[in-house]
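Commentary on secondary and tertiary structure
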Amino acid sequence: MKPRNASDETEILGKLVSDRDLGFTMLVRKYQPAVYSGALRLTHRHSDAEEVAQDTFLRAYRALVGYDRERISKMKLQPWLWTIALNLCRDRASSRTTVPAPEIDLATTDEQPLDTEAWNRRLSALSDDQRLAVVL
């Protein structure tokens, strides 16, 4: 995950206050890859991660509609989105019976290739709470 750029967040917050739809588009473009990646590591399924990411931004948009300008301008976007995504992952996990996690193929932009098979084995061996701590 790329480090959070404070000026990007400030710009997004400003747009959310002045033009919610444009600001929201900026928010999704900036944070969607990280939300999806985290959800994938927690759910172990591409389809679940896609749904969690989609639902995260849907809930975020609906919440923003009810927030006043001052509240929006003071938000910390990344922790707020992670809280929504984490709650969705927890809800999904508690409503699903335990099924062995399939191997997943994660892409990376690091200079050295990530050994996804080894990471998947390591993460799968952890309890849900431990895996959550490692991913976050």
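All of the points below concern the structure found in this document. None of these values were measured; they are calculated from a predicted model.

This part is about the overall build of the chain. Looking only at helices and strands, the chain has seven helices and zero strands in total. Reading the helices (α) and strands (β) of the chain from amino to carboxyl end gives α-α-α-α-α-α-α. Across the 136 residues in the chain, those meeting the buried criterion constitute 36%. A separation of at least 24 residues holds for 65% of the contacts in the chain among residues at least 6 apart in sequence.

We now examine the packing of aromatic side chains. Under the counting rule described, the total for this entry stands at three aromatic pairs. Ring geometry for Phe-24 versus Phe-57: centroids 6.4 Å apart, planes at 75 degrees, classification edge-to-face. One end of the pair, Phe-24, is in helix H2 (residues 20-43); the other, Phe-57, is in helix H3 (residues 46-66), with 33 residues separating them in the sequence. Note on accessibility: Phe-24 and Phe-57 belong to one class, buried. Between Phe-24 and Tyr-61 the ring centres are 4.9 Å apart and the planes differ by 75 degrees, which places this aromatic pair in the edge-to-face class. Here Phe-24 is found in helix H2, whereas its partner Tyr-61 is found in helix H3, with 37 residues between them in sequence. Of the residues examined, Tyr-61 reaches a relative accessible area of 26% and is grouped as partly exposed. Over the aromatic face of Tyr-31 sits the side chain of Lys-30, whose NZ or CZ is 5.7 Å from the ring centroid.

Calculation notes
- Residues numbered from 1 in each chain as written.
- Predicted model: local features only at pLDDT ≥ 70, side-chain atom pairs only at ≥ 80, totals over all residues.
- Heavy atoms only, no water.
- Helix = DSSP H or I, 4+ residues; strand = E, 2+ residues; numbered from the N terminus.
- Buried < 20%, exposed > 50% of the residue type's maximum accessible area, 1.4 Å probe, protein only.
- Contact = heavy atoms within 4.5 Å.
- Phe/Tyr/Trp six-rings, centres within 6.5 Å; stacked < 30°, edge-to-face > 60°.
- Lys NZ or Arg CZ within 6 Å of the ring centre and 35° of its normal.

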